[in-house]
Amino acid sequence: MDCLFCKIINGEIPSTKVYEDDMILAFRDIDPQAPEHVIIIPKNHISSANEINTENSKYISHIFEKIPYIAAMLNIDEHGYRIVNNCGKNGGQTVPHMHFHLMGGRGFAWPAG
Ligand code: AMP
Ligand code: ZN
């Protein structure tokens, strides 16, 4: 499949991995928007949040089970962080393999622009 993040999973495209197990992969964003900015992806191809269903939702819950561990690794657990999913065109999604941005090391405004 011609998917950038699937290619990162299978090693065709290099990445700076921060966490990996049999279900998920976390790697540093190539264009970080915060001092710590990691992309967390399921290892199966889910194109967007719109495609989450009862068959694949275990990948999503696994991501959230591991977020506290990854945040602690990045040392952003104490001060907090932002988790973002962009879905589709209006959501600003540019890579059609569902992912969460985990960002920390600075404060974020809310509501976002
Ligand atoms: P989104 O706009 O939510 O689809 O986010 C896609 C993210 O992937 C952006 O923050 C990009 O900087 C990031 N990105 C694109 N290509 C790569 C890559 N080869 N390695 C790491 N991050 C990437
Ligand atoms: Zn993919």
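Everything below is about the structure printed above this text.
Residues numbered from 1 in each chain as written. Chains lettered and ligands numbered in written order. Predicted model: local features only at pLDDT ≥ 70, side-chain atom pairs only at ≥ 80, totals over all residues. Heavy atoms only, no water.

### Section: the site of ligand 1
To keep things clear, this is the line we draw: Whether a residue is near a molecule or strand depends on its heavy atoms: if one lies within 4 Å, it is near. As used in this structure description, the phrase polar contact means that two N or O atoms lie within 3.5 Å; if the pair is within protein, one of them must be able to donate a hydrogen and the other to accept it, and residues adjacent in sequence are counted only when both atoms belong to side chains. Where accessible areas are quoted, they stem from the Shrake-Rupley method and a 1.4 Å probe; at the residue level, only the protein chains shown are allowed to cover. The distinction between a cavity and a pocket rests on a 1 Å grid over the protein atoms alone: a 1.4 Å probe fits inside a cavity but cannot get out, while a pocket stays open yet meets protein on both sides within 12 Å along at least five of seven lines, and a residue with an atom within 4 Å of a point counts as lining. Any molecule with more than half of its atoms within 2 Å of a cavity's or pocket's grid points is counted as sitting in it. By the criteria applied, helices consist of DSSP H or I runs no shorter than four residues and strands consist of E runs no shorter than two, each listed in order from the N terminus. By the convention adopted, Pro, Cys, Tyr, Trp, Phe, Met, Ile, Leu, Val and Ala count as nonpolar, Lys, Arg, Asp and Glu as charged, and the other residues, Gly among them, as polar.
Around ligand 1, a shell composed of 16 residues is seen, among which Asp29, Asn86, Thr94, His99 and His101 lie nearest. Aspartate 29 is positioned such that a nitrogen or oxygen atom in its side chain is 2.5 Å from an oxygen atom of ligand 1. At a separation of 3.0 Å, an oxygen atom of ligand 1 approaches a polar backbone atom of valine 95. Surface burial for ligand 1 is 84%, taken as the share of its 500 Å² of free accessible area covered by protein chains. In this structure the site holding ligand 1 corresponds to the largest pocket. For the shell around ligand 1, the secondary structure elements donating two or more residues are α1 (4-9) and β2 (24-28). For the shell around ligand 1, the leading source of residues is α1, giving 3 residues. Per-class residue counts for the shell around ligand 1 are 7 nonpolar, 6 polar and 3 charged.

### Some points on helix α2 (residues 57-73)
Rules: The span expected for a helix works out to 1.5 Å for each residue beyond the first. The reported bend at a residue is simply the angle between two axes, fitted to the 7 residues ending at it and to the 7 residues beginning with it. With a 1.4 Å probe rolled over the protein chains alone, any residue whose accessible area is under 20% of its type maximum counts as buried; one over 50% counts as exposed, and the rest are partly exposed. Between two residues, a contact is recorded if the distance between any of their heavy atoms is within 4.5 Å.
Taking 1.5 Å per residue, 17 residues should reach 24 Å; α2 reaches 24 Å between its end C-alpha atoms and fits that length. Along its length, α2 shows its largest kink, about 40 degrees, at isoleucine 67, and proline proline 68 lies within four residues downstream of that point. Taken as a whole, α2 has its buried residues at Tyr59, Ile60, His62, Ile63, Ile67, Ile70 and Ala71. Buried residues along α2 sit in contact with β1 (17-20), β2, β3 (36-42), β4 (81-84) and β5 (100-104). Backbone geometry just after α2 places asparagine 75 at a positive phi near 65 degrees.

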